[in-house]
Amino acid sequence: VITRPEMEIGRYHWMYRSSRPHQYHHVPALRGNISPLGIQGCFECCIKCLGGVPYASLVATILCFSGVALFCGCGHVALTGTVSILEQHFSTTASDHALLSEVIQLMQYVIYGIASFFFLYGIILLAEGFYTTSAVKELHGEFKTTACGRCISGMFVFLTYVLGVAWLGVFGFSAVPVFMFYNIWSTCEVIKSLQTNVTVPGDQICVDIRQYGIIPWNAVPGKACGPILENICNTNEFYMSYHLFIVACAGAGATVIALIHFLMILSSNWAYLKDASKMQAYQDIKAKEEQELQDIQSRSKEQLNSYT
């Protein structure tokens, strides 16, 4: 005899075939560091973290820090050596090079500001690279790109472009002292080569610093000739200043390359964020439609249950 509860259970299984007694199956052993509960191991976590690192922004940041450090550090020491050379050999009166000393001191303070600013700016751009990489990697997750984030990325593109143009001017300006010191050094090499030639005296070969406009024309002595000029080239201040100006110019060039690299990265990231926002809007609409479809199906099942 079939009782009424058994009849109800049989009808329930006939209507909902999916509701069957739970069957336990053998779970095969998992290889690697993933636990049976689905928790990732240390290796998988490291791979996931490394996948979210913006390597392009990291390389550009290192190049920017290196270039700015070379330009600021070497430029500061080279300017100090230049003032020492002028005071000792080309302008013995303090009033003649007073303006130049003030300008060089002001440039050294500007160097401090440039170093501090680009240290912070490089970190901000690296953080923005992490943000954009996370936005692209986790597009299908809970991460949401906002209009404010896209606006900030566009602002960084414009600011980096302005800084890149400014550093082109800095790079050209840093090449001027290299050109001046190279002229002095080449003149000293000519004097050394003429020591064996008695017909051409080396005293007639001179370098006049006043023609470069860094000291006035009434500065005394203003120029150096022959053995005096050769002794200047052999001093430690000249040797160090010349090579430090070369390194500072190279650092300015490296900073320009880093800013161009940053500009390409930021432009690409901004385009990715723009596409990500469109994709998110599409996914939101799709999820809303699927939810509405599920609601319709659930209401249909409820009505069917009520009829049966």
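Procedures and definitions
- Residues numbered from 1 in each chain as written.
- Predicted model: local features only at pLDDT ≥ 70, side-chain atom pairs only at ≥ 80, totals over all residues.
- Heavy atoms only, no water.
- UniProt positions renumbered as here; feature names shortened; annotations may be inferred.
- Salt bridge = Lys/Arg side-chain N within 4 Å of Asp/Glu carboxyl O.
- Helix = DSSP H or I, 4+ residues; strand = E, 2+ residues; numbered from the N terminus.
- Buried < 20%, exposed > 50% of the residue type's maximum accessible area, 1.4 Å probe, protein only.
- Core = buried A, V, L, I, M, F, W, Y, C linked by side-chain atoms within 4.5 Å.
- Contact = heavy atoms within 4.5 Å.
- Disulfide = S-S within 2.5 Å.
- Phe/Tyr/Trp six-rings, centres within 6.5 Å; stacked < 30°, edge-to-face > 60°.
- Arc of directions from axis to C-beta.
- Patch = residues over 30% accessible without salt bridge, like charges linked within 9 Å, V, L, I, M, F, W, Y side chains within 5 Å.
- Areas by Shrake-Rupley, 256 points an atom, 1.4 Å probe, with all protein chains shown as cover.

Under an unreviewed UniProt entry, the chain has the name GPM6B protein and belongs to Alca torda. Quoted verbatim from the Subcellular location (unreviewed entry) heading of the UniProt record, the comment on the chain is "Membrane". Taken verbatim from the UniProt record of the chain, the Sequence similarities (unreviewed entry) comment is "Belongs to the myelin proteolipid protein family."

K.L.:
Could you give an account of the pattern of salt bridges, naming the residues involved and the relevant values?
P.N.:
Where side chains of opposite charge bring their charged atoms close, a pairing between them can arise. One pass over the structure, following the stated rule, counts 2 salt bridges. The residue Lys-192 makes a salt bridge to Glu-189 at a minimum N-O spacing of 4.0 Å. Of the two residues, Lys-192 and Glu-189 both sit in helix α5 (residues 147-193), 3 residues apart, roughly one turn of that helix. Overall, Lys-192 belongs to the partly exposed group, its relative accessible area being 34%.

K.L.:
Requested: an account of the environment of Phe-130, with residues and values cited.
P.N.:
Looking at the element boundaries, Phe-130 is found in helix α4 (residues 98-137). The partly exposed category is assigned to Phe-130, whose relative accessible area is 36%. When the C-alpha atoms of Phe-130 and Leu-58 are compared, they prove to be 9.5 Å apart, with 72 residues separating the residues in sequence.

K.L.:
Can you explain the nonpolar core? Please cite residues and give values.
P.N.:
Core analysis: the largest hydrophobic core is formed by 50 residues, its most contacted members being Phe-90, Phe-118, Trp-167, Ile-184, Ile-209 and Leu-229. For this core, the secondary-structure elements that each account for two or more residues are α3 (55-90), α4, α5, α6 (226-233) and α7 (236-307). If we skip the residues at most four places from it in the chain, Trp-167 touches Val-68, Phe-71, Ile-114, Phe-118, Ala-252, Thr-255, Val-256 and Leu-259.

K.L.:
Kindly report on the state of the cysteines, identifying the contributing residues and their values.
P.N.:
Scanning all chains against the criterion turns up 2 disulfides. Shown here is the disulfide that connects Cys-188 with Cys-233, its sulfur atoms set 1.7 Å apart. As the torsion about the S-S bond is roughly 60 degrees, the Cys-188-Cys-233 disulfide counts as right-handed. Of this pair, Cys-188 sits in helix α5 while Cys-233 sits in helix α6, and the two are 45 residues apart along the sequence. Overall, Cys-188 belongs to the buried group, its relative accessible area being 1%. For Cys-233, a relative accessible area of 11% puts it in the buried group. The partner cysteine of Cys-206 in its disulfide is Cys-225, sulfur to sulfur 1.7 Å. Its S-S torsion of approximately 110 degrees makes the covalent link between Cys-206 and Cys-225 right-handed. In this pair, Cys-206 sits in strand β1 (residues 206-208) while Cys-225 sits in strand β2 (residues 223-225), placing the two residues 19 residues apart along the sequence.

K.L.:
So, the UniProt feature "transmembrane region" (unreviewed entry) in the chain: which residues are in play, and what are the values?
P.N.:
UniProt feature "transmembrane region" (unreviewed entry): in the numbering of this structure it lies at residues 58-86, 106-131, 152-176 and 244-266. Between the first and last C-alpha atoms of residues 152-176 the distance is 37 Å; the span itself is 100% helix and 0% strand. Between the end C-alpha atoms of residues 244-266 the distance is 32 Å, and the span holds 100% helix and 0% strand.

K.L.:
Please provide a residue-by-residue account of the side chain of Thr-82, values included.
P.N.:
With respect to the secondary-structure elements, Thr-82 resides in helix α3. Contact partners of Thr-82, with chain neighbours within four places excluded, come to Phe-181, Ser-241 and Phe-245.

K.L.:
Give me the lowdown on the packing of aromatic side chains, citing residues and values where you can.
P.N.:
Counted according to the given criterion, the structure contains 14 aromatic pairs. Between Phe-65 and Phe-119 the ring centres are 5.7 Å apart and the planes differ by 25 degrees, which places this aromatic pair in the stacked class. In this pair, Phe-65 is assigned in helix α3 and Phe-119 in helix α4, connecting sequence segments 54 residues apart. Since its relative accessible area comes to 28%, Phe-65 is described here as partly exposed. Overall, the relative accessible area of 46% leaves Phe-119 in the partly exposed class.

K.L.:
Now, about α6: what can you tell me, with residues and values included?
P.N.:
Along α6, the residues that are buried comprise Gly-226, Leu-229, Glu-230, Ile-232 and Cys-233. Across the axial projection of α6, the buried residues extend over an arc of 155 degrees, all falling on one side.

K.L.:
I'd love a proper account of a nonpolar patch on the surface, names of residues and values included.
P.N.:
On the surface, Phe-158, Tyr-161, Val-162 and Val-165 cluster together into a nonpolar patch covering about 420 Å² of accessible area. Tracing the backbone through its elements, the reader meets Val-162 in helix α5.

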